[in-house]
Amino acid sequence: MKWTRRDFLRALAAMLGAAAPPPDGYKIYLPLVTRSSVYAADLGGGVWVIGNDLVEERIAFIGGGLFTRSFLHKASGRDWCASASSPVFFLEEEEAELTSADGWVHVESAALNSGDGAQLTVTVQHAARPIRAHSHFHVWSDAPVVRSWTEYENIGASARQLQAQSFCALTLGAAGALEVVWVAPFSWLSNRTDDSFVMHRETLQNPGQERHLVMGPYAAEDVGSYNVVTYRPSCGWFAFHQPGPGAGLFGGVEWSGACEAHLSLNDSGQGRVGIGHWRPALTHAVGPGESVTSPVAFVGLFEGALDEAVHLSHRLAKAHYIPARPPIRVPAGAEFPYVMADTWGYGPDIDEAGLGAFVDRAAEIGVEAVTIDEGWEARIGDWVSHPTRFPSGLRAMVDTIHSKGMAAGLWLAFANVDPASAVAQAHPDWLATQGGAPITGSFSTQVLCLSHPDARAWVAAEFDRIVAEFDVDAFVQDFETIARCDNPAHAAWHQAADSEYRNVLALWELIDGVRARHPNVMIENNWSGGRVMDFGMLRRYDTALCDDYNQAARNRGASFGVTHFFPPAFVSKYMGAEALPFDYQTRSYFFGGPWNLMTDLPAQDALMLAGAIGAYKELRELIRDGRVVHLVAPSFSGSGPNRYQISWDAIQAVESGMNRAVLLIGRGLAGPGAYNVRPQGLNPAKVYALAASSGANYGSRSGADLMANGIDVSLPERAHETIVLA
């Protein structure tokens, strides 16, 4: 299938959740506008501006180049840009690396303003190559971020090879030392799994230092053959912080495929931010008259400590990315994030009798939703009730869950098929391949290529049928969904070297369609432990899995890392069976999204579990809506399933009015028996009463005293303390 420039603009509009371009094209010329809360305008003389009351970016065409002239934090007046020396974009085409710095001619510009957003597009044409580049910028009225993306257009008479293009590029002024902050994604690779969701900080202070962050579901694998001194796998977020003045940039990508953030100090000591395709993962032949539009990235500005970037990232996510929460059939008055129970604690062998006992106990202890995990289906790809495990049919079990007042969810690996399944047997042409062989996915399945329109239509129809037939409220989406396919039979839908790019768009189209047709159904991203962690995914799912080991210590670390960019309520936690002190085990899952009990519930102490669930419900609104403060990161020893916490850790949520706060504190297997924890972000003048889950008496103290002198907490090994300040 050949895509025209307009096709790409329509696809981009769909990705952004915006209307399609107007019938006569996307060029809308406006005169200089009066500055208000949001604006984009042509200032004349080859200078353009886009901004709001929080941030402003100025673009200029100077001497054959397109540059960012300023990137301004409005409240502080701090300009982060190296004036007139910051190329707006970079490209790699026909094996040549190009930037917007020279060799271009300005063609046109366009500005579009609406009540809650503004968009600016500046188009340039290369003086020696038959290509155009369209630089796009967008702001919302309430966020200190500028979103950007690049559109490459072939205006020549023959096809051209595009290897990479930027989503964002910015050169900073002389910055001194800059601290790079990122969070590693989940990985099952033996040399990467212990890095899963660990938050990293690294200082660049010498000219020429750099850090490449490789993002996307294959990030850990992609960096395996590259210099690990330079490359690191990362979730789709980062910060570039100046600890001295206490200010910085934070950025994110709206892309669930391979991409890269290049953060560095150049030879002049200037900082550089470049976000674009992961170059080894994309080569696209662009035909005459065709365009390729890059994904979107955003860069924002903050003043203060790193948690200010965290706070702004959370606000951005809640206001513009996380979808409206579906009204699933949880008990009346239930607050999100829900207490859930998942059958995977039994593995795939769950059956009708076992599920019945599980559901009864879940209802008894206050669970609000039950997920029937893998094992309900005849086989992966044959999404019908297993004939021997569920002889009464799965709908009968879903009806039982509903009769107990709880919502019902199903596990689904919709892009994977058992080789013996009916769909794999009937449609081998739908399978993704590499080197002529089907791609092997999780649990020895094979992976569908979602770029194939018939495969995608079948998956969509299966979603619709399952919702109608089983009357479910939620899906847990698992296994591989974005294939790197080189199947030559799929040439009509993707090229051999751009299939991941196409399959991301195909997945998004699929999920967007399911959400539109089933607005009362929740969907969780659960791909192999939480490997797709970006803001494009965030826009399409209600929650995402946070660590696939389902262990208390690992979840403490994962929650600390992932909540640097995603709000706690989005971060789903699964509690497996462990021989741990009860409070340490259960309360390790409190700081996050839905708490999923994945143990043999009938074998557990019902009264103790009900008490823990009650405590979680009392805190979840405060944690969900509060401002997160990362106080003490946990540290670990051991590896894989034997990894355990060896230090103290502490994380905090503060109510917006600073009237209440909660501290969740843990101690591992080593370290001192007492620790001084200093809460932050409190009202200095307020006297807080401190209530501890352990029963310890911490008295009442002023916010100023608590922030200056802290709280001395004593705990035995592998113990937890929750302190509510009110």
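Quick note: structure is the one above.
Just so it is clear, the model here is predicted, and its values are computed rather than measured.

Colleague: Would you mind going over the packing of helix α5 (residues 394–403) against helix α7 (residues 453–470) in detail, with residue names and values included?
Modeller: Running from amino to carboxyl end, α5 crosses α7 at an angle of 60°, the nearest separation of the two axes being 9 Å. Classified by the interaxial angle, the pair formed by α5 and α7 is oblique. In this structure, α5 uses Leu 394, Arg 395 and Val 398 to contact α7, whose residues at the interface are Ala 468, Glu 469 and Phe 470. Here the residues of the contact of α5 with α7 are counted per class, giving four nonpolar, no polar and two charged.

Colleague: So what's going on with the sheet that holds strand β45 (residues 687–692)? Which residues, and what values?
Modeller: The strand order β39-β42-β43-β48-β45-β46 describes an open sheet built from six strands, whose pairing is antiparallel. A strand with exactly one partner marks an edge of an open sheet, and here the two such strands are β39 (627–632) and β46 (697–702). In this sheet, adjacent strand axes meet at a mean angle of 20° when their direction is disregarded. Summarising the sheet, β39 and strand β42 (residues 648–654) pair through five bridges and their orientation is antiparallel. Pairing of Val 628 across the sheet is with Ala 653, part of β42.

Colleague: Which residues make up the side chain of Glu 721, and what values go with them?
Modeller: The topology assignment puts Glu 721 in strand β48 (residues 719–725). Buried and unpaired, Glu 721 has Arg 587 as its nearest opposite-charge partner, separated by 7.1 Å. At 3.1 Å, the side chain of Glu 721 forms a polar contact with the side chain of Ser 693. For Glu 721, the side chain forms a polar contact with the side chain of Ser 694, separated by 2.5 Å. Apart from residues lying up to four places away in sequence, Glu 721 is in contact with Leu 663, Leu 664, Ile 665, Ala 692, Ser 693, Ser 694, Ala 696, Tyr 698, Val 713 and Leu 715.

Colleague: Give me the packing of aromatic side chains: which residues, what numbers.
Modeller: Summed over all chains, the structure comprises 34 aromatic pairs. Ring geometry for Phe 298 versus Phe 535: centroids 5.0 Å apart, planes at 85°, classification edge-to-face. One end of the pair, Phe 298, is in strand β24 (residues 296–303); the other, Phe 535, is in helix α9 (residues 535–538), with 237 residues separating them in the sequence. Here the two residues Phe 298 and Phe 535 agree in accessibility, since each one is buried. Ring centres of Trp 430 and Trp 458 lie 6.3 Å apart, and the angle between their planes is 50°; on these two criteria the pair is classed as tilted. Residue Trp 430 is located in the loop between α6 (422–426) and β31 (433–434), and its partner Trp 458 is located in helix α7; the two are separated by 28 residues in the primary sequence. On the basis of relative accessibility, which here comes to 19%, the residue Trp 458 falls in the buried class.

Colleague: Outline the pattern of salt bridges, supporting the account with residue identities and numerical values.
Modeller: Applying the stated criterion to the full structure yields 37 salt bridges. As a salt-bridge pair, Glu 254 and Arg 147 come within 2.9 Å of each other at their nearest N and O atoms. With Glu 254 in strand β19 (residues 247–254) and Arg 147 in strand β12 (residues 145–154), the pair connects residues that are 107 residues apart, well separated along the chain. Like Glu 254, the residue Arg 147 is buried in the burial classification. Among the salt bridges present, the one from Glu 179 reaches Arg 201, with a minimum N-O distance of 3.1 Å. Linking Glu 179 in strand β14 (residues 178–183) with Arg 201 in strand β15 (residues 199–204), this pair joins segments that are 22 residues apart in sequence. What emerges from the salt-bridge pattern is a single network uniting Arg 329, Arg 395, Asp 399, Asp 471 and Asp 473.

Conventions used here
- For every chain, the first residue of its written sequence is number 1, and the numbers climb from 1 along that sequence.
- With the structure being a predicted model, the display of local features is reserved for residues of pLDDT at least 70 and the display and counting of side-chain atom pairs for 80 or more, all residues being used for whole-chain, interface and lining totals.
- To obtain the side-chain values, all non-hydrogen atoms of the structure were used and water was disregarded.
- Axis definition: a line fitted to C-alpha atoms, over the contacting stretch in the case of helices. Angles run 0 to 180 degrees between N-to-C directions.
- Starting at the N terminus, helices and strands are each numbered in turn, a helix being any DSSP run of H or I of at least four residues and a strand any DSSP run of E of at least two.
- With respect to orientation, any angle under 35 degrees is reported as roughly parallel, any angle over 145 as roughly antiparallel, any angle of 65 to 115 as roughly perpendicular, and every other angle as oblique.
- Should any heavy atoms of two residues lie within 4.5 Å, those residues are considered in contact.
- We call Asp, Glu, Lys and Arg charged. Ala, Val, Leu, Ile, Met, Phe, Trp, Tyr, Cys and Pro are nonpolar, and the rest, Gly among them, are polar.
- Any two strands between which DSSP finds at least two bridges are classified as paired.
- Burial here depends on accessible area, computed with a 1.4 Å probe over protein chains only, as a share of the maximum for the residue type. Under 20% is buried, over 50% is exposed, and the range in between is partly exposed.
- Only four residue types enter the charge count, namely Lys and Arg as positive and Asp and Glu as negative; His and the chain termini do not.
- Every case where a carboxyl oxygen of Asp or Glu lies within 4 Å of a side-chain nitrogen of Lys or Arg is listed as a salt bridge.
- Between N or O atoms, a polar contact is any pair within 3.5 Å; within protein, one atom must be a potential hydrogen donor and the other a potential acceptor, and residues adjacent in sequence are included only when both atoms are from side chains.
- Under the pairing criterion, centres of Phe, Tyr and Trp rings, with the six-membered ring standing for Trp, must be within 6.5 Å; the plane angle then separates stacked pairs below 30 degrees from edge-to-face pairs above 60, leaving the rest tilted.

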